[in-house]
Amino acid sequence: GVFFLGHLIIFVVAGMLPFICNTLLMKSIYVWRCYPDCMLRRLQAWLPGASKLTLQSYPAHAAEKALQVMKVGLSWEYGVLITTPTICFSMLFFLSPFVWRTFVALAVSTVFYYCFCRCMHFRVCCPGFFTTKRLDVVAHCFWGLPLSIVAAAAAYWGLRSRSLF
């Protein structure tokens, strides 16, 4: 239960919380005007896209920018998407009656995370653009680690069972 809590709380932290905070800031600065102008300017600095605007009007494009959802964070997710299968596949080297249960639990959590990322990328997040291919190239190179662990485990058990030599 607690293992998936971090993935589920992101909807609150990245979706609802910024929406509520930015809506309250917009209403208190531009609709209610419940503070003196010097204090409204300080609040305006916290509102995305409004730091260089006047206190009299708030354009529609700036309001859209303030209510925009978070961008896709591929640079943070690549670490999880490579590390978790690597740990899962490293279980193939151990011999115990409980290894298969651990392997299945890690595999299920990996599949859940892939489905969760798909939902987040296509339904919740807005597109984020990167200027170079360096991140993707490095991630594809690091994908060799989990794949090589599977190959090494196959060779290890082949040598151990004496069926290779």
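Fair warning: this is a prediction, and the values are worked out from it, not measured in the lab.

Draft legend 1. Just helix 5 (residues 99-124), in detail. The first and last C-alpha atoms of helix 5 sit 36 Å apart over 26 residues, in line with the 38 Å expected at 1.5 Å per residue. In the core, the buried residues of helix 5 are packed alongside helix 1 (5-32) and helix 4 (74-90).

Draft legend 2. Representation of the packing of helix 4 against helix 5 in the model. Where helix 4 meets helix 5, the closest approach of the two axes is 9 Å, and the angle between their N-to-C directions is 160°. Classed by the angle they form, the pair helix 4 and helix 5 counts as roughly antiparallel. Crossing of helix 4 against helix 5: the hand is left-handed. Of helix 5, the residues touching helix 4 (which contributes Leu74, Glu77, Val80, Leu81, Thr84, Pro85, Ile87, Cys88 and Phe89) are Phe103, Leu106, Ala107, Thr110, Tyr113, Tyr114, Cys117 and His121. Among the residues making up the contact of helix 4 with helix 5, the classes are represented as 13 nonpolar, three polar and one charged.

Draft legend 3. Main features of helix 4. With 17 residues, helix 4 extends 24 Å from end C-alpha to end C-alpha; this agrees with the ideal 24 Å at 1.5 Å per step. Within the span of helix 4, buried status applies to Glu77, Tyr78, Leu81, Ile82, Pro85, Thr86 and Cys88. What you see down the axis of helix 4 is that its buried residues fit within an arc of 165°, all on one side. In this fold, the buried residues of helix 4 make contact with helix 5, helix 6 (134-142) and helix 7 (144-160).

Draft legend 4. View of a nonpolar patch on the surface. A cluster of nonpolar side chains, contributed by Ile9, Val12, Val13, Met16, Phe19, Ile20, Leu24, Val31, Trp32 and Leu67, occupies part of the molecular surface with about 940 Å² of accessible area. Structurally, Ile9 is set in helix 1.

Draft legend 5. Quick peek at the packing of aromatic side chains. All told, the structure shown has five aromatic pairs when counted by the stated rule. Aromatic pair Tyr113 and Phe116: ring centres 6.2 Å apart, planes at 35°, arrangement tilted. With Tyr113 and Phe116 both in helix 5, this residue pair falls three residues apart, about one helical turn. Three or more aromatic residues joined by ring pairs form one cluster here, namely Phe93, Tyr156 and Trp157.

What counts and how
- Residues numbered from 1 in each chain as written.
- Predicted model: local features only at pLDDT ≥ 70, side-chain atom pairs only at ≥ 80, totals over all residues.
- Heavy atoms only, no water.
- Helix = DSSP H or I, 4+ residues; strand = E, 2+ residues; numbered from the N terminus.
- Expected span 1.5 Å × (residues − 1).
- Contact = heavy atoms within 4.5 Å.
- Axes fitted to C-alpha atoms, helices over the stretch in contact; angles between N-to-C directions.
- Parallel < 35°, antiparallel > 145°, perpendicular 65-115°, else oblique.
- Left-handed = near helix turned anticlockwise from the far one by under 90°.
- Nonpolar A, V, L, I, M, F, W, Y, C, P; charged D, E, K, R; others polar.
- Buried < 20%, exposed > 50% of the residue type's maximum accessible area, 1.4 Å probe, protein only.
- Arc of directions from axis to C-beta.
- Patch = residues over 30% accessible without salt bridge, like charges linked within 9 Å, V, L, I, M, F, W, Y side chains within 5 Å.
- Areas by Shrake-Rupley, 256 points an atom, 1.4 Å probe, with all protein chains shown as cover.
- Salt bridge = Lys/Arg side-chain N within 4 Å of Asp/Glu carboxyl O.
- Phe/Tyr/Trp six-rings, centres within 6.5 Å; stacked < 30°, edge-to-face > 60°.

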